[in-house]
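The lines below spell out each chain.
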Amino acid sequence: KAGVTQTPRYLIKTRGQQVTLSCSPISGHRSVSWYQQTPGQGLQFLFEYFSETQRNKGNFPGRFSGRQFSNSRSEMNVSTLELGDSALYLCASSPLGVTSTDTQYFGPGTRLTVL
Amino acid sequence: QKEVEQNSGPLSVPEGAIASLNCTYSDRGSQSFFWYRQYSGKSPELIMSIYSNGDKEDGRFTAQLNKASQYVSLLIRDSQPSDSATYLCAVNSNTGGFKTIFGAGTRLFVKA
């Protein structure tokens, strides 16, 4: 099976812009979770989507949003970018999600730099 | 108190030694526990999952879970330089909605 894929792998934006990141889960996986990873804060949970519905959400401002399509692919959007949004954004997929004993498998990540 | 706590390290061990990584968690209702390894510049990869009290072994890796003490550990036997990485403890929590909470990670250096 192909693994989790994320596009783009690298992105440079300026403050105030918005950005959309994409994640394609492992075939058959219905849950997609998004995480932000920074050196100072570690891996922070953003949100989880399951069957096109946001099921769980972390403590991030409303500038961070996402959606999931019927084929389980997911997008994450960040509006009005701030310097502090520079991070590695990781997507993880699992068959049923964190409400079970599922294991999450991570994609390679998108490295976002905000100038 | 952080929800998942790990010693940030770095933990340095000689090649061939046993590396012991520890993790404590605050949500007593947590049922699923995971150890991930993350090399610099790469994404986390799963090493072990454990759901029941006791030990679970997979090759050179042994995960230990003690729910009464809210403690999870990972032992790496016969440590190799290729084991040098950051090890992340992750816990599925039901507080405020189901989510996976990661510890800050422990950096491990295995000296040849």
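Here, every reference points to the structure presented above.
None of the values given here were measured: they were computed from a predicted structure. (Residues numbered from 1 in each chain as written. Chains lettered and ligands numbered in written order. Predicted model: local features only at pLDDT ≥ 70, side-chain atom pairs only at ≥ 80, totals over all residues. Heavy atoms only, no water.)

Student: Could you give me a rundown of the packing of aromatic side chains, with the residues and numbers involved?
Tutor: In total, this model carries eleven aromatic pairs over all chains according to the counting rule given. Measuring from centroid to centroid gives 5.3 Å for A:Tyr35 and B:Phe102, while their planes differ by 85 degrees, and the two rings are edge-to-face. Of this pair, A:Tyr35 sits in strand β4 (residues 31-38) while B:Phe102 sits in strand β10 (residues 99-102), on two different chains. Residue A:Tyr35 is classed as buried on the basis of its relative accessible area, which comes to 0%. Ring geometry for A:Phe60 against A:Phe64: centres 5.2 Å apart, planes inclined by 65 degrees, an arrangement best described as edge-to-face. Overall, A:Phe60 belongs to the buried group, its relative accessible area being 17%. One aromatic cluster in this structure is built from A:Tyr35, A:Phe45, A:Phe106, B:Phe34, B:Tyr36, B:Tyr51 and B:Phe102. Between the NZ or CZ atom of A:Arg55 and the centre of the ring of A:Phe50, over which it lies, the distance is 4.2 Å. (Phe/Tyr/Trp six-rings, centres within 6.5 Å; stacked < 30°, edge-to-face > 60°. Helix = DSSP H or I, 4+ residues; strand = E, 2+ residues; numbered from the N terminus. Buried < 20%, exposed > 50% of the residue type's maximum accessible area, 1.4 Å probe, protein only. Lys NZ or Arg CZ within 6 Å of the ring centre and 35° of its normal.)

Student: Tell me about the pairing of strand β5 (residues 45-50) of chain B, residues and numbers included.
Tutor: Residues and elements named next belong to chain B. Examined bridge by bridge, strand β4 (residues 32-38) and β5 share five bridges and lie antiparallel to one another. Its bridge partner lying in β5, Trp35 is registered against Met48. Counted between consecutive antiparallel strands, the loop separating β4 from β5 contains six residues, among which Gly41 sits at a positive phi close to 80 degrees. (Pairing = 2+ DSSP bridges.)

Student: Would you mind going over empty space enclosed by the protein in detail, with residue names and values included?
Tutor: Residues and elements named next belong to chain B. Taken as a whole and assessed by the stated rule, the structure comprises one cavity of 30 Å³ or more. The space that makes up the largest cavity amounts to roughly 40 Å³. Taken together, Glu3, Val4, Tyr25, Ser26, Asp27, Ser30, Val91, Ser93 and Ile101 make up the lining of the largest cavity. Of the residues in the lining of the largest cavity, the class split is four nonpolar, three polar and two charged. (1 Å grid on protein atoms, 1.4 Å probe; cavity = no way out; pocket = protein on both sides within 12 Å on 5 of 7 lines; lining within 4 Å. Points joined across faces, edges and corners; volume = space filled by probe spheres on them. Nonpolar A, V, L, I, M, F, W, Y, C, P; charged D, E, K, R; others polar.)

Student: Describe the sheet that holds strand β3 (residues 19-24) of chain A, with residues and values.
Tutor: Residues and elements named next belong to chain A. In space, the four strands of this open sheet follow the order β1-β3-β8-β7, with antiparallel pairing throughout. Each edge of the sheet is formed by a strand with only one pairing partner; in this case those strands are β1 (5-7) and β7 (64-68). Between one strand and the next, the sheet's axes are offset by a mean angle of 20 degrees, whatever the strand orientation. Examined bridge by bridge, β7 and strand β8 (residues 74-78) share five bridges and lie antiparallel to one another. Directly across from Arg67, in β8, lies its bridge partner Glu75. (Axes fitted to C-alpha atoms, helices over the stretch in contact; angles between N-to-C directions.)

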